[in-house]
Amino acid sequence: MAQTAARDLPGIDDRRRIGAETAAAVVEAGFARHFVPQHLGGTAGTFSALLDASAAVGETCLSTAWCATLYAAHGRLASYLPEQGRQQLWERSPDMLISASIMPPQGEAVRERDGWRLRGRWDMASGVDHADWLLLGSRTPGADGPEHRIFAVPRADWTALDTWRSLGMRGTGSHAVEVTEAFLPDSLSFTLGSLNRPQPEGAARCHRVPYLMVGALMFAMPMVGAAQGALDAWRAASVRRAGGGTPGLARRAETDRVLAECSVQVDAARMLLERAARRADTADPSPLLAAENRRDAAVAVSWCASVADRLFRTAGSRAHREDSALQRHWRDLTTASSHGALAVEAAAVGYADALLDLPG
């Protein structure tokens, strides 16, 4: 899949989405079915395996890895649908590509008979051009007040709008979407709150982990790969410059400390995410562990973005060329690290609240 993504790189920025061959490679590599329940043909896989795959693709193209990882993550979200809805979504194949725009709630959902009438516009749905289904979040009335409800909408009921123009992550195709009017039965919806209530004991481990324990982690997964890709591109450029006649002492003064410090930051970020993934795969969920995982993901991403900044500043004028791999990684990491799910300040508040509220 990484080789396919590499072939796609020359056109991905202008096209502003991954290519059809790359989307097919995402499916072939198993991302779409990664968290789909096994009785529906899916893998019900682990977070550690997804981290390895996501980071490996991210070294080549963060946009591709981002879409692939979110297709997997959205399959996990769709697993919270009632069984009838899950059967409808995956009746043809466990390899349905699912895009989403669930935060913040947008559009309008009106209760009608045994379902909902949905209409409106939602911003930024990554990978939407290739999606078979779309998860959309909207505010609805509930017995105890307003609820944040998520709807699974089939491809025929929504339109992708050509809105995605960005500094980086151009290939994610994170366009806005519009629903003129769609009726969705109750079987194709669930509340956001249900994501933090474990599924029954018989469900696979990946479906019994609360969303707060893994949400930020899955956004962070591809970014540690992109940071490694940026480091590899910087190192290759430094070797070329040294081979071109730069004296050894000058090279060492300029590059050795940057190489050492940036490489250890990338390794440390990867280790934080690996620990968070192991917790998600094996540990007993708790509010503190969820807060620690969110903290670790946010800090790991901040390190990755910091590494990209430092490498770009020290790379010389070649990094400013349009065909520079380092520039592309820097643009992508700068853009992706601003995602609200990865804000260090919010993660710090959540961690402090969880830790300081413990008894004793």
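Going by the structure above, here's the rest.
Residues numbered from 1 in each chain as written. Predicted model: local features only at pLDDT ≥ 70, side-chain atom pairs only at ≥ 80, totals over all residues. Heavy atoms only, no water.

*Asks:* What is the right way to read the overall build of the protein chain from this model?
*Replies:* Along the backbone of the protein chain there are 10 helices and eight strands. For 360 residues, the compact-globule estimate of 2.2 N^0.38 gives 21 Å, and the protein chain sits close to it at 21 Å. Projecting the C-alpha coordinates of the protein chain onto the three principal axes gives extents of approximately 75 × 55 × 35 Å. Sorting the 360 residues of the protein chain into buried and exposed places 52% on the buried side. Partitioning the contacts of the protein chain with sequence separation of at least 6, the portion at a separation of at least 24 is 73%. (Helix = DSSP H or I, 4+ residues; strand = E, 2+ residues; numbered from the N terminus. Rg over C-alpha atoms; globule rule 2.2 N^0.38 Å. Buried < 20%, exposed > 50% of the residue type's maximum accessible area, 1.4 Å probe, protein only. Contact = heavy atoms within 4.5 Å.)

*Asks:* In this structure, what is going on with helix α2 (residues 20-28)? I would like to understand it.
*Replies:* Quick reminder: α-helices carry 3.6 residues per turn. Residues three or four places apart thus point the same way. The set of residues buried in α2 consists of T22, A23, A25 and V26. What you see down the axis of α2 is that its buried residues fit within an arc of 155°, all on one side. Turned more than 90 degrees from where α2 packs its buried face, A20 and E28 sit exposed. Among the structural elements, α1 (2-15) and α4 (62-78) are those in contact with the buried residues of α2. The first or second residue beyond α2 is G30, which carries a positive phi of 95°. (Arc of directions from axis to C-beta.)

*Asks:* Mind showing me how you'd approach the pairing of strand β7 (residues 175-185) here?
*Replies:* The side chains of a regular strand alternate, residue by residue, between the two faces of the sheet. As judged from the eight bridges shared by strand β3 (residues 115-125) and β7, these two strands associate in the antiparallel manner. By the bridge assignment for β7, R121 is matched with E178. (Pairing = 2+ DSSP bridges.)

*Asks:* Looking at this structure, how should I read unusual backbone geometry?
*Replies:* Glycine aside, residues mostly have negative phi angles, and peptide bonds mostly take the trans form. With omega at -5°, the peptide bond leading from M103 into P104 counts as cis. In this structure, R113 takes a positive phi of about 50° despite not being glycine. In this fold, R113 is placed in the loop between β2 (108-112) and β3.

*Asks:* Just to check I follow, could you spell out the sheet that holds strand β1 (residues 98-101) for this structure?
*Replies:* Within a sheet, neighbouring strands are paired by backbone hydrogen bonds and run either parallel or antiparallel to one another. Strands sit in the order β1-β4-β5-β8 across an open sheet of four strands; the sheet is mixed. Only two strands of the sheet have a single neighbouring strand rather than two, namely β1 and β8 (189-191). Strand-to-strand twist of the sheet, defined as the mean angle between neighbouring strand axes without regard to direction, takes the value 25°. Together, β1, β4 (133-140) and β8 form the strand contacts of α4, whose direction differs from that of β1 by roughly 80°. (Axes fitted to C-alpha atoms, helices over the stretch in contact; angles between N-to-C directions.)

*Asks:* I keep staring at the state of the cysteines and nothing clicks. Help me out?
*Replies:* Formally, a disulfide is one covalent bond, and it connects the sulfur atom of one cysteine to the sulfur atom of another. The final tally for this structure, using the stated rule, is zero disulfides. Between C67, a cysteine without a disulfide, and C61, which holds the nearest cysteine sulfur, the sulfur-to-sulfur distance is 8.3 Å. The buried category is assigned to C67, whose relative accessible area is 2%. With no disulfide partner, C262 has as its closest neighbouring cysteine sulfur the one in C304, 11 Å distant. You can call C262 buried: its relative accessible area is 0%. (Disulfide = S-S within 2.5 Å.)

*Asks:* What should I look at first to understand the packing of α1 against α2 in this one?
*Replies:* For any two helices packed against each other, the geometry comes down to the angle between their axes and how far apart the axes lie. One way to put it is that α1 packs onto α2 with a least axis distance of 9 Å and a crossing angle of 160°. Taken as axis vectors, α1 and α2 run roughly antiparallel relative to one another. Remark: the crossing between α1 and α2 carries left-handed chirality. Mapping the contact onto sequence places T4, A5, R7 and D8 in α1 and E21, T22 and A25 in α2. Split into classes, the residues belonging to the contact of α1 with α2 amount to two nonpolar, two polar and three charged. (Parallel < 35°, antiparallel > 145°, perpendicular 65-115°, else oblique. Left-handed = near helix turned anticlockwise from the far one by under 90°. Nonpolar A, V, L, I, M, F, W, Y, C, P; charged D, E, K, R; others polar.)

*Asks:* In this structure, what is going on with the sheet that holds β3? I would like to understand it.
*Replies:* Taken together, four strands build an open sheet; the order of strands is β2-β3-β7-β6 and the sheet is antiparallel. Only two strands of the sheet have a single neighbouring strand rather than two, namely β2 and β6 (159-160). The pairing of β6 with β7 spans two bridges and is classified as antiparallel. Its bridge partner being in β7, T159 is matched across the sheet by E178.

*Asks:* What is the right way to read the side chain of S324 from this model?
*Replies:* Here S324 lies in the loop between α8 (287-314) and α9 (325-336). In this structure the side chain of S324 is engaged in a polar contact, spanning 3.3 Å, whose partner is the backbone nitrogen of L326. Apart from the residues lying within four places of it in its own chain, the contact partners of S324 are R318 and A319. (Polar contact = N/O pair within 3.5 Å; in protein donor to acceptor, adjacent residues only side chain to side chain.)

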